[in-house]
Amino acid sequence: MATMNMIQALNSAMDVMLARDPNVLVFGEDVGYFGGVFRATEGLQKKHGLTRCFDTPIGEGGIVAAAIGMGAYGLRPVVEIQFADYIYPAFDQLVSEAARLRYRSAGDYWAPLTLRTPYGGGIFGGQTHSQSPEALFTHVAGLKTVIPSTPYDAKGLLISAIEDDDPVIFLEPKRIYNGPFDGHHDRPISPWAKHKASDVPEGHYTVPLGKAAVIRAGNDLTVLAYGTMVHVAVAAAEESGIDAEVIDLRTLVPIDIDAIVGSVEKTGRCVIVHEATRTSGFGAELAALVQENCFYHLEAPIERVTGWDTPYPHAFEWDYFPGPRRIVEAMRRTMEG
Amino acid sequence: MKNRISLSLRIPEPKYRPGDPPDFSGMAIPEAGSARRPESHVSANEIPDLAYTLIRVLDGDGNAVGPWNPKLDADTLRRGLRTMMLTRVYDERMYRAQRQGKTSFYMKCTGEEATSIAPAIALQPDDMCFPSYRQQGILIARNYPLIEMMCQVYSNLRDPLKGRQLPIMYSSREHGFFTISGNLGTQYCQAVGWAMASAYKGDDRIAAAWIGEGATAEGDFHHALTFASVYRAPVILNVVNNQWAISSFQGLAGGDEATFAARAIGYGLPGLRVDGNDFLAAYAATRWATERARANLGATLIEFYTYRVEGHSTSDDPSRYRPADEGKAWPLGDPIERLKTHLITLGEWSEEKHNALHKELVEHVRATGREAESFGTLGGDQKPSVKEMFEDVYKEMPWHLRRQRQQVGV
């Protein structure tokens, strides 16, 4: 065991996989010599060699296309898109190609690529360094979408993603790279070292895709969250005094429906939290799943606490970000409903 | 005050529209044999002229001339001829089948056969091909069973792609043929990635990709050339310039400003502009590029200059946007006729043999077609199980697809 922040845990996952599997390659913009703008690949090129971890031209469409071709050859590419906000030039390659190779070729070809990308706000990144585009990928048949919320999960889920034979969009909540964030931007930052999930095995282990985790057990209300918002939701639950159960979904597709249904059937109330814009956000899918599967157990309408339907606003970051106050209000409304 | 002139917007237009008499007499066609052939290890910077000339081997009399003559033996020439003839006969049969309502869609490659078949024969059988949608000739050259192709087009019980793909979007890993996308250009940088993987593994196989001149306007084209150049990937990047992208003439992709082969120059890649209706030139250019790639010298861009004789697809009516007789006026002739004449000139072929082979191929395709149709045609009862709709979305079916499959009742 070692104490790791999320960056170190992600680095360790790639380090372990580069050492275990010669078919694993890591590449992206500034990823090689420099080690990535967030340092996630620091030291990997020096340790594993120039052809195992390398820099790419600034061309996200080309990065993903090359990874697909490598996958067709039999490699397991792990690519970094520097910010999730930069992923759109690669959208056609992900949606029309990576997601569909296996289906359209009847199993002849597949794209076992893992696409890592930092997402989400809370860092004053403005419109182009703060977005949460997960719903664009959960809507695509053939892609898996994974979002960790702790160093332990980040490493275990990333290893699972790399070993998975389907394309995985691995969204990294960059606000919590260095420490969990409870949503109170005006309070001092807490490092991961003080959190139990920073105890990370140095070797190989996996956290399975498609399995949620109960982060805080409770009986009266279920909060569904992922990424940074898991920690904000836990803080909100503490502050509300409500006996809320917080579920970290960890994988959005395929979703762990049993964990959701089990919890909501117990509590009868559900609040869904995400940073992404509201309309057609993943919360809409979650709300639909909850009412389809748990309607007769519901005591109150399902609430969504999300980013607003605007581009991510630089100066209004904390008016936009769905912080603990908004979550507590939604929880209270749900308890009264 | 400054004397300013008003700007004007240029929208390029082709020379001839329906009703105009097509006239290619002004087209610069270098003599067969006139293009120089440098050693394949030449620096790309030393051969910009090859991106602007036209590499041609077969002259007007059917002789193979000049330094690019690959000096193929008669058996290889006859193999090329037979493969092109079989591809054309196959196309004619499947086109008719679509008109008879047996399938939804078909695309012929008439007049362009050499641009896929000559490279396919010049490559090793285990080199990897990333085709666009008009390279059925590769599969036929690699002896992929014709019946599999037909069953794919019919989406029938024996369809190797299980009813999931639009007709002609073939896939065969066994034959080194990548699954055809239908989204244009996407395969181009994938081929570069495959080639990078081959180089990374110390393999000796190379990749080849095909794109139409129209789709070179896609960003994927730029990605492919950039990545191929940066990583010196062992890949051959073919541009099939057949003059027409559905109704858009090649000038709309920028072909009037510079040749498509010349796109290579800015990336430091060799660009060869080749008579695409000349089997020998297409073969020789590919061999040059394979030598270069196998020597770890990286990618070559080859423009095959040709003409799309038929419509874009069965959904297209080219008489609405170009002169109906433009194909007949095309000055570079027909690839089958030209190779046939060459073989006859060599004393290795005759009209009688040609007619007999044509008859044999028609009969072969007819018999194979009957067998394929015995497994059903589109819209009939014989088709893959609806279960197949839910398979292969993921390696293992997740719960939500299992539940949806149950809702369909299969």
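Computed from a prediction, not measured in an experiment: that's the story for all the values here.

On to the overall build of chain A. Check the secondary structure of chain A and you find 12 helices and 14 strands. Taking the principal axes of the C-alpha coordinates as reference, chain A spans close to 60 × 45 × 40 Å. Residue burial in chain A is summarised as follows: out of 337 residues, 61% are buried. Here the analysis covers contacts within chain A between residues at least 6 apart in sequence; of these, 77% occur between residues at least 24 apart.

What follows deals with helix α9 (residues 257-267) of chain A. Residues and elements named next belong to chain A. Among the residues making up α9, those that are buried are A259, I260, S263, V264 and T267. For α9, the angular spread of buried residues about the axis comes to 115°, placing them on one side. Contact partners of the buried residues in α9: β10 (221-225), β11 (244-248), β13 (270-277) and α10 (282-294). Once α9 ends, the next one or two residues include G268, with phi positive near 75°.

Attention now moves to the domain arrangement of chain A. All names here are of chain A. Assigned domains within chain A: domain 1 (2-200) and domain 2 (213-336). In this assembly, 31 residues from domain 1 lie in contact with 28 residues from domain 2. Secondary structure elements with two or more residues in the side of domain 1 that touches domain 2: α6 (134-138), β6 (144-146), α7 (151-163) and β7 (168-173). Its residues placed into classes, the side of domain 1 that touches domain 2 shows 12 nonpolar, 14 polar and 5 charged.

Right, let's get into the nonpolar core. By size, the foremost hydrophobic cluster in this structure holds 215 residues, and its most contacted members are A:V223, A:A233, B:V192 and B:V235. With 10 residues, the single largest contributor to this core is helix α7 (residues 279-294) of chain B. Not counting residues up to four positions away in its chain, the partners in contact with B:V235 are B:A191, B:V192, B:A195, B:I206, B:A207, B:A208, B:A209, B:A228, B:A293 and B:A299.

Residue and element names in this part refer to chain A. Taken in spatial order, the 5 strands make up an open sheet running β9-β11-β10-β13-β14, and their pairing is mixed. Among the strands making up the open sheet, the edge pair consists of β9 (213-216) and β14 (303-307). Strand-to-strand, the axes of this sheet are offset by a mean angle of 25°, without reference to chain direction. Across 3 bridges, β9 lies against β11 in antiparallel orientation. Bridge pairing links V214 to I247 in β11.

Take the packing of helix α1 (residues 74-99) of chain B against helix α10 (residues 351-373) of chain B next. All names here are of chain B. In the contact formed by α1 and α10, the axes pass within 9 Å of each other and the chain directions differ by 45°. The pairing of α1 with α10 is recorded here as oblique in orientation. Like other packed secondary-structure pairs, α1 and α10 cross with a definite hand, here right-handed. Contacts from R82, M85, L86, V89, Y90 and R93 in α1 reach L357, H358, L361, V362, V365 and G369 in α10. Taken together, the residues of the contact of α1 with α10 sort by class into 8 nonpolar, 2 polar and 2 charged.

This part covers the interface of chain B and chain A. Facing the 37 residues of chain B at the interface are 35 residues of chain A. Only α5 (186-200), α6 (219-230) and α11 (399-408) of chain B provide two or more residues apiece to the side of chain B that touches chain A. Taken together, the residues of the side of chain B that touches chain A sort by class into 17 nonpolar, 14 polar and 6 charged.

The domains assigned to chain B are domain 1 (44-314 + 324-379) and domain 2 (386-410). The distance between the C-alpha centroids of domain 1 of chain B and domain 2 of chain B comes to 36 Å.

The next thing to look at is the sheet that holds strand β2 (residues 24-28) of chain A. Residue and element names in this part refer to chain A. If you walk across this open sheet you meet the 7 strands as β3-β2-β4-β5-β7-β6-β12, and the pairing is mixed. The open sheet has two free edges, formed respectively by β3 (53-55) and β12 (251-253), since each of these has just one partner strand. Each neighbouring strand pair of the sheet contributes to a mean axis angle of 20°, computed without reference to strand direction. Relative to strand β5 (residues 114-119), strand β4 (residues 76-80) is paired through 3 bridges, and the arrangement is parallel. Its bridge partner lying in β5, V78 is registered against T114.

We now examine the confidence of the model for chain B. With 100% of its residues at a pLDDT of 70 or more, chain B shows a mean pLDDT of 97. Scored as a complex, the prediction yields pTM 0.98 and ipTM 0.97.

Right, let's get into the pairing of β14(A). Counting buried residues in β14(A) gives 4 out of 5 residues, a clear majority hidden from the surface. Between β13(A) and its parallel partner β14(A), the chain crosses via α10(A), and the hand of that crossover is right-handed.

This part is about the environment of A:P180. Residue and element names in this part refer to chain A. Structurally, the position occupied by P180 is in the loop between β7 and β8 (199-200). The buried category is assigned to P180, around which 26 C-beta atoms lie within 10 Å. Spatially, the C-alpha atom of P180 lies 6.5 Å from that of S190, the residues being 10 residues apart in sequence. What P180 contacts, discounting residues up to four positions off in sequence, is S190, W192, H195 and H231.

Further remarks concern the pairing of β10(A). Residues and elements named next belong to chain A. A large share of β10 lies buried, amounting to 5 of its 5 residues. Covered by surrounding structure in β10 are L221, V223 and A225 together with T222 and L224, the residues of both alternating faces. Strand direction decides the pairing type here: β10 and β11, joined by 5 bridges, are parallel. Bridge pairing in β11 places A225 opposite D248. With respect to chirality, the unit in which β10 leads through helix α8 (residues 228-240) into the neighbouring parallel β11 is right-handed. Sheet topology note: the β10/β13 ladder contains 3 bridges and is parallel. Among the inter-strand pairings, T222 is bridged to a residue of β13, identified as C270.

Once that is clear, we can look at helix α1 (residues 6-20) of chain A. Side chains three or four residues apart in an α-helix point the same way, a direct result of the helix having 3.6 residues per turn. Given a rise of 1.5 Å per residue, 15 residues ought to cover 21 Å, and the 21 Å separating the end C-alpha atoms of α1(A) matches this to within 8%. Counting buried positions along α1(A) yields 13 of 15 residues, so the element is predominantly enclosed.

Looking along the chain, the bond that leaves A:V253 and enters A:P254 is cis, with omega of -5°. With respect to the secondary-structure elements, A:P254 resides in the loop between β12 and α9. Notably, A:R39 is not glycine yet its phi reads approximately 75°, a positive angle. With respect to the helices and strands, the residue A:R39 is situated in the loop between β2 and α2 (44-48). Here A:R39 falls in the partly exposed class, since 14 other C-beta atoms lie within 10 Å of it. Even without being glycine, B:N143 reaches a positive phi, approximately 60°.

What counts and what doesn't
All residue numbers refer to position in the chain's written sequence, counted from 1. Think of it this way: whatever chain is written first is A, whatever ligand is written first is 1, and the rest follow in order. Only residues with pLDDT of at least 70 get local features here, since the model is predicted, and only at 80 or more are side-chain atom pairs given and counted; chain-wide, interface and lining totals rely on the full set of residues. The way it works is that DSSP assigns letters per residue, a run of H or I at least four long becomes a helix, a run of E at least two long becomes a strand, and they are numbered from the N terminus. Counting other C-beta atoms within 10 Å of a residue's C-beta gives its exposure: the residue is buried at 20 or more, exposed at 12 or fewer, and partly exposed in between, where C-beta atoms are placed from the backbone. This entry defines residue contacts through backbone-placed C-beta atoms, with two residues in contact when those atoms are within 7 Å. The reported arc concerns the directions from the helix axis to the C-beta atoms and nothing else. Those domain boundaries reflect an automatic or database domain assignment. As a working rule, the residues Ala, Val, Leu, Ile, Met, Phe, Trp, Tyr, Cys and Pro are called nonpolar, Asp, Glu, Lys and Arg charged, and the rest polar, with Gly in that last group. By convention in this section, buried Ala, Val, Leu, Ile, Met, Phe, Trp, Tyr and Cys residues joined through C-beta atoms within 7 Å make up a nonpolar core. Paired strands are those between which DSSP finds at least two bridges. Here an axis means a line fitted to C-alpha atoms, over the contact stretch when the element is a helix, while the angle between two N-to-C directions is reported on a 0 to 180 degree scale. The labels follow the angle: roughly parallel below 35 degrees, roughly antiparallel above 145, roughly perpendicular from 65 to 115, and oblique for the rest. If you view the pair so one helix is near and one far, a crossing is left-handed when the near helix is turned anticlockwise from the far one by less than a right angle, and right-handed when it is turned clockwise. By definition, pLDDT measures how confident the predictor is in each residue, and it falls between 0 and 100. Seen with its strands pointing away from the viewer, a crossover is right-handed when the path leading from the first strand over the helix to the second is clockwise. Residue count minus one, scaled by 1.5 Å, sets the expected span of a helix.

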